[in-house]
Amino acid sequence: MSVLPSRLLYLCLHFLVLYFQLQESQQSTADFRFYIENHTRNPDDLSRKQVRIYQLYSRTTGKHVQILGKKINANGDDGGKYALLVVETETFGSHVRIKGKESEHYICMNDKGKIVGRPDGRRQECVFVEEFLENNYTALVSAKYKGWYLGFNRKGRPKKGSRTTQRQQEVHFMKRQPKGRVDPLEEFRFTTVTKRTRRARRLKPNPKRN
């Protein structure tokens, strides 16, 4: 008769252990989901992965994006102090925050689609997502307002996000190093080999060895 209570006690302990393991698993899953959601929506200083300094060349104006403070335009000269941008890459994907090195203001987009400069870039409206296009240009879409892009007209004035699309040249930018500064990665770029380059290499005479 003593065997039956022992088995019941063993089964009860076994189910109790399984219950606590299940609760711990659900808690860890919830914590992980909260971490992902929190860092995606509200990226903070600890979530930054990389910080780089470069310029954004505007395809429309032929000049560079510059942050003067609250005002932002795309009429900056190559190497201009207001055209130097500090780009902070977030942990997840291509989320970036763009700050003027001189003005220390961030590029942000408000709920009306207007581009403004703010000293505090921790808001989600100051986060953009990089989209790499087939023409070697980059587009920056708002992380908060889906489908609204950073763009400038031919006069270099900001364009409302609600009036932009990815296909417009006004939202196409190219990353450039500041004037007189060479990116170390340039040394490792590959040259595309075509039929013309192969032919030129065959026709090029080899130097005579002594």
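Residues numbered from 1 in each chain as written. Predicted model: local features only at pLDDT ≥ 70, side-chain atom pairs only at ≥ 80, totals over all residues. Heavy atoms only, no water.

Per an unreviewed UniProt entry, the protein chain is named Fibroblast growth factor, and its organism is Ataeniobius toweri. According to the UniProt record, the Sequence similarities (unreviewed entry) comment for the protein chain is "Belongs to the heparin-binding growth factors family." (UniProt positions renumbered as here; feature names shortened; annotations may be inferred.)

S.K.: Give a description of the nonpolar core that names residues and reports values.
M.R.: Grouped together as the largest cluster of nonpolar side chains are 19 residues, with contacts concentrated most on Leu56, Val65, Ile98, Ile107 and Leu150. Looking at this core, the elements that each hand over two or more residues are strand S1 (48-58), strand S2 (64-67), strand S3 (72-76), strand S4 (85-90), strand S5 (95-100) and strand S6 (106-109). If near-sequence neighbours (up to four positions away) are discounted, Leu56 is found in contact with Lys63, His64, Val65, Leu85, Ile98, Leu140, Phe173, Met174 and Lys175. Val127, Tyr137, Ala143 and Tyr149 belong to the second largest nonpolar core, which has 10 residues in total. (Core = buried A, V, L, I, M, F, W, Y, C linked by side-chain atoms within 4.5 Å. Buried < 20%, exposed > 50% of the residue type's maximum accessible area, 1.4 Å probe, protein only. Helix = DSSP H or I, 4+ residues; strand = E, 2+ residues; numbered from the N terminus. Contact = heavy atoms within 4.5 Å.)

S.K.: Residues and numbers for the pattern of salt bridges, please.
M.R.: Scanning all chains against the criterion turns up 7 salt bridges. For the salt bridge of Asp120 with Arg122, the shortest nitrogen-to-oxygen distance reads 3.1 Å. Here Asp120 falls in the partly exposed class, since its relative accessible area comes to 32%. The residue Glu130 makes a salt bridge to Lys175 at a minimum N-O spacing of 2.8 Å. With Glu130 in strand S8 (residues 128-132) and Lys175 in strand S10 (residues 173-176), this residue pair connects regions lying 45 residues apart in the sequence. The buried category is assigned to Glu130, whose relative accessible area is 12%. Shared partners join several salt bridges into a network, and the residues in it are Arg118, Arg123 and Glu125. (Salt bridge = Lys/Arg side-chain N within 4 Å of Asp/Glu carboxyl O.)

S.K.: Pulling in residues and values, what's your account of unusual backbone geometry?
M.R.: The residue Glu104 is not glycine, and still its phi comes out positive at about 60°. Tracing the backbone shows Glu104 in the loop between S5 and S6. Of note in the backbone geometry, Asn136 takes a positive phi value of approximately 70° without being a glycine. Mapped onto the elements of the fold, Asn136 is located in the loop between S8 and strand S9 (138-142). A relative accessible area of 64% places Asn136 in the exposed class.

S.K.: Could you give an account of the packing of aromatic side chains, with specific residues and numbers?
M.R.: As enumerated under the stated definition, the model contains 2 aromatic pairs in all. Ring geometry for Tyr145 versus Trp148: centroids 5.2 Å apart, planes at 25°, classification stacked. Accessibility expressed as a relative area gives 15% for Tyr145, which makes it buried. Summarising the aromatic geometry, the rings of Phe152 and Phe173 are spaced 6.1 Å apart at their centres and angled 85° between planes, so their arrangement reads as edge-to-face. Here Phe173 lies in strand S10 and Phe152 lies in the loop between S9 and S10, a separation of 21 residues in the sequence. This pair shows no difference in class: Phe152 is buried, exactly as Phe173 is. (Phe/Tyr/Trp six-rings, centres within 6.5 Å; stacked < 30°, edge-to-face > 60°.)

S.K.: Which residues make up the side chain of His172, and what are the values?
M.R.: Note on placement: His172 falls in the loop between S9 and S10. A polar side-chain atom of His172 sits 2.8 Å from the main-chain carbonyl oxygen of Gln166. Not counting residues within four places of it along the chain, the set of residues in contact with His172 comprises Tyr57, Ser58, Arg59, Leu133, Asn135, Tyr137, Thr138, Gln166 and Arg167. (Polar contact = N/O pair within 3.5 Å; in protein donor to acceptor, adjacent residues only side chain to side chain.)

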